[in-house]
Amino acid sequence: MTTLDERSAVRGPRAHRPPARARPEHVLVPIALGAAAVIALWWHDTPAITGFGDWLTNAGRVTGLLAGFAAVVLVALMARIPALERGVGTDRLARWHAMGGRYMVGLVVAHALLIIWGYAVTAHTDVVHQTKTLLVSYPDVLMATVAGLLLVGVGIVSARAARRRMRYETWYYLHLYTYLAIALAFSHQFATGADFMTSRPARVLWSALYVAVGGLLLWYRFVTPLRRALRHRMRVHGVYAEGPGAVSVWIRGRHLDELRAEPGQFFRWRFLTRDLWWAANPYSLSAPPAPDMLRITVKTFGEHSGALGRLRPGTRVFAEGPYGAFTAGRRRRRKVLLLAGGVGITPIRTLFETLPATPGDLTLIYRATDWADVVFQEELPRIAESRHAALHYLVGSRRDLGRDPLSPAVLTRILPDLAAHDVYVCGPDGMTTAAIASLRRAGVPRRHIHHESFEF
């Protein structure tokens, strides 16, 4: 009789189906259809509009409904749904979330102002008196006011200028007040919303939408990370210096192949020490994932990254992910250029080692201000030699070099057929923006430039 182990050996290792990947249109089309359905709901429940006050009030109603729908969309975009993370990409989802957040705050403010103005015109009173009446007479309006102020406050701290002045962890925890604001706004919609007070089907569908998105958020943000922590039991295996201010952290675990992590992706890492357990920060894999080992490489930019160099072997690790679409799946052409700047070398290094390419078709350009900032100085040449790939360093400040090291002239001197390449770009936002502009001027089509920002 054949044993279970023998049957497994005959079949070989368990095959994993390719992970699902959503395309941008799979997200944008449902959002557009949902917004159209919200407007249809308002239209269906709106009688004939008469008078200026009625116009203002109904404009307030529809902006309120759209704000409520936008809140659900924004939560869904950041629920870390694997198909969206792998297909659309975390950075694109984050950009959509930020843009949608600005629209939602605008809709919330417009809703409040239009409703107050419309009621004031209808009641033949002034806006200040009408505001006092609404706040005193309707408790749910007071809750909605708190929700609106919370959303405006989160919008202010999320603005780029404010975001750059605060720590990632501070911004993250302030952002959590969004969930309280949404809960208060949901209560307000059912208590005073004309579209829900008299329509049971509308209440059921609206509630189902919120419950479904809340379920996705709970499952992928809380339940899944906990299940994986118990399943994979990750611990720090070792910490090794890669150069001044840079360390590599090796993490050992069980059944890590089940995560189906790909070169170019990242995890949100939570190291269970007294100083780090409360923060989950995104760091890319810096080596191809193995069935029992993962590696990240971190430059010291703040307290969290600096503390990683002091981790001890055996420290427990929670990892959420993998996330991101900066993978080989985006490739469309035979020839590939990998363009890295600063710490952006970490996901690029994994692609450099694993991206399928024939000899002569793979090139890595590494941009750094100083040689002290260049990591993997031993690994990169070894990979280039083993893969018959080209490796170029562009090291030095613009002033020292006397030119823009990422100008179209420099890039095309390195690769005369640059326009025939797929290009993967990763680095600080300023470097990435400048590099993409140069690539476009050099004739590389936008659809063949792949980049992902890791500054959320």
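In case you missed it, the structure is sitting above this.
Residues numbered from 1 in each chain as written. Predicted model: local features only at pLDDT ≥ 70, side-chain atom pairs only at ≥ 80, totals over all residues. Heavy atoms only, no water.

> Explain a nonpolar patch on the surface here, please?
Taken together, the side chains of Phe52, Trp55, Trp117 and Val127 present a nonpolar region at the surface, about 460 Å² in accessible area. As for its placement among the helices and strands, Trp117 is situated in helix H5 (residues 90-123). The partly exposed category is assigned to Trp117, whose relative accessible area is 42%. (Patch = residues over 30% accessible without salt bridge, like charges linked within 9 Å, V, L, I, M, F, W, Y side chains within 5 Å. Areas by Shrake-Rupley, 256 points an atom, 1.4 Å probe, with all protein chains shown as cover. Salt bridge = Lys/Arg side-chain N within 4 Å of Asp/Glu carboxyl O. Helix = DSSP H or I, 4+ residues; strand = E, 2+ residues; numbered from the N terminus. Buried < 20%, exposed > 50% of the residue type's maximum accessible area, 1.4 Å probe, protein only.)

> Please clarify how H5 should be interpreted in this entry.
Because an α-helix packs 3.6 residues into every turn, residues spaced three or four apart end up facing the same way. Compared with the 50 Å implied by 1.5 Å per residue over 34 residues, the 48 Å span of H5 between its first and last C-alpha is a close match. Just past H5, the residue His124 takes up positive phi, approximately 55°. (Expected span 1.5 Å × (residues − 1).)

> Before we go on, may I ask you to explain the packing of helix H3 (residues 52-77) against H5 in this structure?
Following both chains from N to C, one finds H3 and H5 inclined at 155°, their axes separated by 7 Å at the closest point. For the element pair H3 / H5, the angle class is roughly antiparallel. When you trace H3 past H5, the crossing you get is left-handed. Along the lines of polarity and charge, the residues of the contact of H3 with H5 split into 20 nonpolar, 11 polar and two charged. (Axes fitted to C-alpha atoms, helices over the stretch in contact; angles between N-to-C directions. Parallel < 35°, antiparallel > 145°, perpendicular 65-115°, else oblique. Left-handed = near helix turned anticlockwise from the far one by under 90°. Nonpolar A, V, L, I, M, F, W, Y, C, P; charged D, E, K, R; others polar.)

> I'm lost on the sheet that holds strand E10 (residues 421-426) in this one. Help?
Within a sheet, each strand pairs with its neighbour through backbone hydrogen bonds, oriented either parallel or antiparallel. The strand order across the open sheet formed by five strands is E9-E8-E7-E10-E11, and the pairing between neighbours is parallel. What marks the edges here is a single partner per strand, and that holds for strand E9 (390-395) and strand E11 (449-451). Geometrically, the sheet is characterised by an average inter-axis angle of 15° between neighbouring strands, direction not taken into account. Alignment of strand E7 (residues 335-341) against strand E8 (residues 362-368), held across six bridges, turns out to be parallel. Looking across to E8, one finds that Val336 is bridged to Leu362. Sheet contacts for helix H14 (residues 345-354): E7, E8, E9 and E10; angle to E7, the most-contacted strand, approximately 155°. (Pairing = 2+ DSSP bridges. Contact = heavy atoms within 4.5 Å.)

> I keep staring at a positive patch on the surface and nothing clicks. Help me out?
A contiguous patch of positive charge on the surface is contributed by Arg233, Arg235, Arg254 and Arg316. Its place among the elements puts Arg254 in the loop between strand E2 (246-252) and strand E3 (266-271). Here Arg254 falls in the partly exposed class, since its relative accessible area comes to 37%. (Lys, Arg positive; Asp, Glu negative; His and termini not counted. Charge placed at Lys NZ, Arg CZ, Asp CG, Glu CD.)

> Can you help me understand the pattern of salt bridges in this one?
A side chain of one charge can pair with a side chain of the opposite charge if their charged atoms are brought near each other. Throughout the structure, instances matching the rule amount to 15 salt bridges. A salt bridge links Arg21 to Glu262, with the shortest nitrogen-to-oxygen separation between them at 2.5 Å. Pair noted here: Arg21 is in the loop between helix H1 (4-11) and helix H2 (24-44) and Glu262 is in the loop between E2 and E3, with a separation of 241 residues, a long-range link. Where Glu262 meets Arg86, a salt bridge forms, and the shortest distance between an N and an O atom there is 2.9 Å. Residue Glu262 is found in the loop between E2 and E3, and its partner Arg86 is found in helix H4 (residues 82-87); the two are separated by 176 residues along the sequence. For Arg86, a relative accessible area of 7% puts it in the buried group. Members of the salt-bridge network, linked through shared partners, are Glu242, Arg295, Arg349, Glu353 and Glu379.

> Even after reading the chapter, I still don't get unusual backbone geometry, so can you show me in this structure?
For the bond running from Gly321 to Pro322, omega is 5°, close enough to zero to count as cis. By secondary structure assignment, the location of Pro322 is in strand E6 (residues 316-323). Positive phi is not limited to glycine here, since His124 has a value of about 55°. Assignment of secondary structure puts His124 in the loop between H5 and helix H6 (127-137). In this structure, Arg260 takes a positive phi of about 55° despite not being glycine. Its location among the elements puts Arg260 in the loop between E2 and E3. Arg260 sits in the partly exposed class, given a relative accessible area of 33%.

> Before we go on, may I ask you to explain helix H18 (residues 429-441) in this structure?
For H18, spanning 13 residues, the distance from its first C-alpha to its last is 19 Å, which sits close to the expected 18 Å at 1.5 Å a residue. Among the residues of H18, those classed as buried are Met431, Thr432, Ala435, Ile436, Ser438 and Leu439. The buried residues of H18 occupy one face: seen down the axis, they fall within an arc of 165°. Among the exposed residues of H18, those oriented more than 90 degrees off its buried face are Gly430, Thr433 and Arg441. Buried-residue contacts for H18 involve E7, helix H17 (408-414), E10 and E11. Downstream of H18 by a residue or two, Gly443 has a phi angle that is positive, lying close to 100°. (Arc of directions from axis to C-beta.)

> Got a minute to help me understand the sheet that holds E3 in this structure?
Sheet architecture is open: six strands sit in the order E4-E3-E6-E1-E2-E5, paired in antiparallel fashion. The outermost strands of the open sheet, each flanked by one partner alone, are strand E4 (281-284) and strand E5 (293-299). Recorded for the sheet is a direction-independent mean angle of 40° between the axes of neighbouring strands. Bridge count between E3 and E6: five bridges; the pairing is antiparallel. Bridge assignment links Trp269 to a residue of E6, and that residue is Ala319.

> Please explain the packing of aromatic side chains as it appears in this structure.
What the rule picks out here adds up to 10 aromatic pairs. Between Phe52 and Trp117, the ring centres sit 5.5 Å apart and the planes meet at 85°, which makes this aromatic pair edge-to-face. With a gap of 65 residues between them, Phe52 in helix H3 and Trp117 in helix H5 connect regions that are remote in the sequence. Ring geometry for Phe266 versus Tyr323: centroids 5.8 Å apart, planes at 55°, classification tilted. Of this pair, Phe266 sits in strand E3 while Tyr323 sits in strand E6, and the two are 57 residues apart along the sequence. (Phe/Tyr/Trp six-rings, centres within 6.5 Å; stacked < 30°, edge-to-face > 60°.)

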